[in-house]
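What follows is each chain in one-letter form.
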Amino acid sequence: MKTNKIVTLSAFLGAFVPTMAQDFSDALRFNSNDVIGTARSQAMAGAFGAVGADLTSMSINPAGMGLYRATELGFTLGVNVIKDDASFFQTNASADRVKMSFNQLGVNFSIGRMREEGGGAVAHSIFIGYNRLADFNNKQNYVDRFSKNSLLDYFCMDEQATGPLTGGLAYDAYLTNDTVRTGSTGRFTYNVWEEFVGDGINPNFRIDENGDGLIVLNQHVTENGSKGDIPIGYAVNISNKLYIGGSLNVRTLSFERTTTHTEFFEGYTVYVGDPTEFSYRNYLNQDAAGVCFNLGVIYRPISALRVGFALHSPTFYHVNERFWAEVTNPSLNKPTLSSDEYEYEYKYRAPSRFIVSVAGVFGRIGMLSVDFEHTNNQRSKFSATDDADYVTVNAYDNMNTLMKDNVLEASNTLRVGGELSVLKPLYIRAGYRKTTNSIKKPFYVNEPESYACSGGIGFRRSNFFVDLTYVCDVKKSDRWVLPDSAEPYTYEDNAPAWQEQKKHSGVVTFGFRF
């Protein structure tokens, strides 16, 4: 099997048929890091690596917490309108949903009275909080009204034919195994794949006189979850010139996905009671906790300029997964068959990242900030738990080699944000974020995209502030609805669906200073 076949099959497995061997789609999920924090930081696209004095800074550059002049408490809520569009074999489908989110909660304790002049440590900050790093909420619909391929082709492959979540389940549901039907002239046997969908022997079996496929294919995917960061740290202000901070960060990830794949083939039915459809559903729940360390510095050579640098160590996760599947064949007396529930544990190391930042502060006019973040995704690594057998350990080693050498590549994120303060106590903000692709070119058909535009306003008094922000976050990518490796049974070249997600977010932060 060619390498690209392995990769596309791996992507399909990660998105549709969970297995005990993880794949790079899991790696991309663990590596995602948008830093969805306060409304102010989101309005400026998260470009806070050198700005500081914002509760989101503790998850970007902890040195920024040293710029506080007072103790601050804040929390952030959001509402997200998510629209997913997909195109699969020239058929368009869409899905919408609305989700509330809790984006941020934190407190910074400022210790020591800030002095405008003086040497040494003139102020200290101790902080703890929560910042959401990524959202996984979406719905996707994929439709092909004239399909020439079937999921049963994949279930009949040698390596899947006895799988408890794939071919074995389909076999027990008489989708790839003979069962008995009763017609007006007697009893007959049938096999859904051979008789009603076509087993590949006759290349015209699934094609009508116009050359169109005769299978109506529909797949629906629902995903929920998020990734969060809980930093606990310390920052110091040295001479109002140098700010140094560090934090211990606990990372959490919760993800669940339900996939329902249905195929209709009414054109093949002859007798009453013949099957006209089948469906396959699977469920994946994933929970993880990890830990990393963040270190950062900000240097202010002159009052109008700040330069920042932050280093995030690798994050070491312990992951628990549960998955199960079910098949429905409506022609059976017991139409739905379910697999056992499988549980699995493994470890994952998300790569380190560094952030270089520059911010210009223009007196009472406002500020402009730029962050550049680099993540070496090739340093991602799966590993087995200590009690795993040799086969599992070897499978992880092979996956890690494949990801490092052939699949993943380093990604960069550029964040630009600005704030106008000429209308104090009203502040006006805007920002833009762009992230480069994390997958090497041979392993996608359409180049993925990820970018966001944002804007907002804020109202600030000495002891209270409220910020409002709107964010439009756009992500585009391929998704394999059917695996690209079911030869020799496929009737036409397979292709991924092209999907686009637009998330429109309204965010509000309330804060208090003491």
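A. Local environment of the pattern of salt bridges. This model, assessed by the stated rule, comprises 22 salt bridges. We note a salt bridge from K83 to D85, for which the minimum N-O separation is 3.7 Å. A relative accessible area of 34% places K83 in the partly exposed class. A salt bridge links D135 to K503, with the nearest nitrogen and oxygen atoms 3.3 Å apart. One end of the pair, D135, is in strand β3 (residues 121-135); the other, K503, is in strand β21 (residues 497-513), with 368 residues separating them in the sequence. Residue K503 is classed as buried on the basis of its relative accessible area of 10%.

B. Broad picture of the pairing of strand β15 (residues 366-375). In this structure, strand β14 (residues 353-362) lies alongside β15, joined through 10 bridges in antiparallel fashion. Its bridge partner lying in β15, V356 is registered against F372. One ladder, built from 10 bridges, connects β15 with strand β17 (residues 411-423); its direction is antiparallel. The partner of T375 across the bridge, within β17, is S411.

C. Representation of the pairing of strand β10 (residues 305-312) in the model. The alternating pattern of β10 places R306, G308, A310 and H312 on a buried face and L305, V307, F309 and L311 on a face that is not buried. Judged from the seven bridges that link them, strand β9 (residues 277-302) and β10 form a sheet pairing that is antiparallel. Opposite V297, over in β10, you have F309 as the bridge partner. The loop that links β9 with its antiparallel partner β10 comprises two residues. Of the pairings in the sheet, the one linking β10 to β14 comprises eight bridges and is antiparallel in character.

D. Region of interest: unusual backbone geometry. A cis amide bond links K424 to the next residue, P425, at an omega of 15°. Within the secondary structure, P425 sits in the loop between β17 and β18 (426-435). The phi torsion at A53 lies on the positive side, around 55°, for a residue other than glycine. The backbone of Y174 shows a phi angle near 60°, a positive value even though the residue is not glycine. For Y174, a relative accessible area of 28% gives the class partly exposed.

E. Here's a closer look at a nonpolar patch on the surface. A cluster of nonpolar side chains, contributed by F362, I365, L368, L420, V422, L423, L426, I428, I457 and L468, occupies part of the molecular surface with about 880 Å² of accessible area. Listed by contribution, the elements that provide at least two residues to the nonpolar patch are β17 and β18. Its location among the elements puts I457 in strand β19 (residues 449-460). On the accessibility criterion, I457 (40% relative accessible area) is partly exposed.

F. Seen up close, the packing of aromatic side chains. As enumerated under the stated definition, the model contains 18 aromatic pairs in all. Consider the rings of F75 and F510, whose centres lie 5.7 Å apart with planes at 35°: the pair is tilted. Taken as a pair, F75 in strand β1 (residues 72-88) and F510 in strand β21 lie far apart in primary sequence, 435 residues in all. Classification of F75 by relative accessible area gives partly exposed; the value is 30%. By way of ring pairs, the aromatic residues F30, Y317, Y344, Y346, Y348, F382 and Y396 are connected into one cluster. The cationic tip of R29 hangs over the ring face of F255; the distance from NZ or CZ to the ring centre is 3.8 Å. Across from the ring centre of F465, 4.2 Å away, lies the NZ or CZ of R460, which sits over that ring.

G. Representation of the environment of V466. Checked against the element boundaries, V466 lands in strand β20 (residues 464-479). Sequence-wise, V466 and R40 are 426 residues apart; in three dimensions their C-alpha atoms are separated by 9.1 Å.

H. Structural detail: the side chain of R306. Along the chain, the position of R306 falls in strand β10. Despite being buried, R306 has no salt bridge partner; E419 is the closest side chain of opposite charge, sitting 8.8 Å away. Reaching out from R306, the side chain makes a polar contact with the backbone oxygen of V51 at a distance of 2.7 Å. Setting aside residues up to four positions removed in sequence, R306 forms contacts with A50, V51, L67, I298, Y299, R300, S357, V358, A359 and V361.

I. Layout of the state of the cysteines. In the structure shown here, the tally under the stated rule is zero disulfides. Left unpaired, C453 is separated from the closest cysteine sulfur, that of C472, by 6.5 Å.

J. Structural view of the side chain of D229. Along the polypeptide, D229 turns up in strand β7 (residues 215-238). Under the relative-accessibility criterion, D229 is labelled buried at 0%. Among the polar contacts made by the side chain of D229, one reaches the side chain of N249 at a distance of 3.0 Å. In this structure, D229 is in contact with S59, G129, Y130, N131, L133, N249, V250 and R251, ignoring residues within four places of it in sequence.

Quick notes on the rules
- Residues numbered from 1 in each chain as written.
- Predicted model: local features only at pLDDT ≥ 70, side-chain atom pairs only at ≥ 80, totals over all residues.
- Heavy atoms only, no water.
- Salt bridge = Lys/Arg side-chain N within 4 Å of Asp/Glu carboxyl O.
- Buried < 20%, exposed > 50% of the residue type's maximum accessible area, 1.4 Å probe, protein only.
- Helix = DSSP H or I, 4+ residues; strand = E, 2+ residues; numbered from the N terminus.
- Pairing = 2+ DSSP bridges.
- Patch = residues over 30% accessible without salt bridge, like charges linked within 9 Å, V, L, I, M, F, W, Y side chains within 5 Å.
- Areas by Shrake-Rupley, 256 points an atom, 1.4 Å probe, with all protein chains shown as cover.
- Phe/Tyr/Trp six-rings, centres within 6.5 Å; stacked < 30°, edge-to-face > 60°.
- Lys NZ or Arg CZ within 6 Å of the ring centre and 35° of its normal.
- Lys, Arg positive; Asp, Glu negative; His and termini not counted.
- Polar contact = N/O pair within 3.5 Å; in protein donor to acceptor, adjacent residues only side chain to side chain.
- Contact = heavy atoms within 4.5 Å.
- Disulfide = S-S within 2.5 Å.

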